[in-house]
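# Secondary and tertiary structure notes
In case you want the letters, here they are:
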Amino acid sequence: MLRFAALPVAVLVLVAGQASAAGAEPYRSAIQPLSKPLRAQLTPRFWRPGCPVALGNLRLLTVSHWDFGNETRSGQLIVHRDAAAPLAKVFRRLYELRFPIRHMRLDDMYGPKSARPVDGDITGSFHCRESVPSPCTGGSRSGRWSNHAYGLAVDLNPVENPYVGCGRVRDPRTRPYVDRSRLRKGMVTPAVVQAFRSIGWGWGGDWTRGTKDYM
């Protein structure tokens, strides 16, 4: 997980159109308030009264990205309004790096179960929920809001970048990626971490005491 530490001032709308990789489509990004249909789609499963951020403080961030087939796609995240413009810059850098993202559409994250990818490898941000306890401790509730509940965290390719505690994972599909010594497609690299650090965000892969959140 890559998450908020300190953020620059927000910009409401950003569209970037310069080519960021040789021979590639230009990188593009846009930031918009949540539409009424999108607000309704989020309620009540992903947002409800009592969540720590109001729907009016969330934004829809649309960015160009590379997929696992080396094709360019348009992906979308719902993030805190203060994080939207900084994250647009981060995803520009990921586009320049040709870092592949498997699934990053709104329906992948927020659509009906039948519309979601069966592999579960969904890159996402906002979800009004508690933080997930480490696999070291087990359980499903922490009693604390996750940074995702504020739209201030991004999970990148969660299959290739698992949540690991004491050598254990919650999703068996992620076990082949517990070994971080061999870089494979979709795994978070130092350059990806640095892109997020450039806006003041930290990385769960740097955690200590037996727990790592590589996504």
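Residues numbered from 1 in each chain as written. Predicted model: local features only at pLDDT ≥ 70, side-chain atom pairs only at ≥ 80, totals over all residues. Heavy atoms only, no water.

### Some remarks on the confidence of the model for the protein
The condition that has to hold: Scored between 0 and 100, pLDDT is the confidence that the predictor attaches to each residue. In this analysis, two residues are considered to be in contact whenever any of their non-hydrogen atoms come within 4.5 Å of each other.
For the protein, the average pLDDT comes to 89, and 89% of its residues sit at 70 or higher. Taken as a whole, residues 6–20 scores under 50 in pLDDT and shows 43 contacts with residues more than four places along the chain or in a different chain.

### Observations regarding unusual backbone geometry
Put simply, the rule is: Here a strand is any run of E in DSSP of at least two residues, a helix any run of H or I of at least four, and the numbering for each starts at the N terminus. Each residue is assigned to one of three classes by its accessible area relative to the maximum for its type, calculated with a 1.4 Å probe on protein chains only: buried under 20%, partly exposed between the two thresholds, exposed over 50%.
Note that the residue after Thr43, namely Pro44, is joined by a cis bond; omega there is 0°. In this structure, Pro44 sits in the loop between α1 (36–42) and β3 (58–66). Backbone geometry places Asn70, a non-glycine residue, at a positive phi of 65°. The topology assignment puts Asn70 in the loop between β3 and β4 (72–80). Using a relative accessible area of 48% as the deciding quantity, one classes Asn70 as partly exposed. Residue Cys166 is not a glycine yet carries a positive backbone phi of 55°. By the secondary structure assignment, Cys166 is in the loop between β6 (163–165) and β7 (168–169). Judged by its relative accessible area of 46%, Cys166 falls in the partly exposed class.

### Side note on the pattern of salt bridges
Heads up, the condition is: Each salt bridge in this description consists of a side-chain nitrogen of Lys or Arg and a carboxyl oxygen of Asp or Glu lying within 4 Å of one another.
Tallying each qualifying case throughout the model produces seven salt bridges. Between Asp108 and Arg105 there is a salt bridge; the shortest N-O distance is 3.0 Å. In this structure, the salt-bridge partner of Asp171 is Arg173, at a minimum N-O distance of 2.8 Å. Relative accessible area serves as the criterion here: at 41%, Arg173 is assigned to the partly exposed category.

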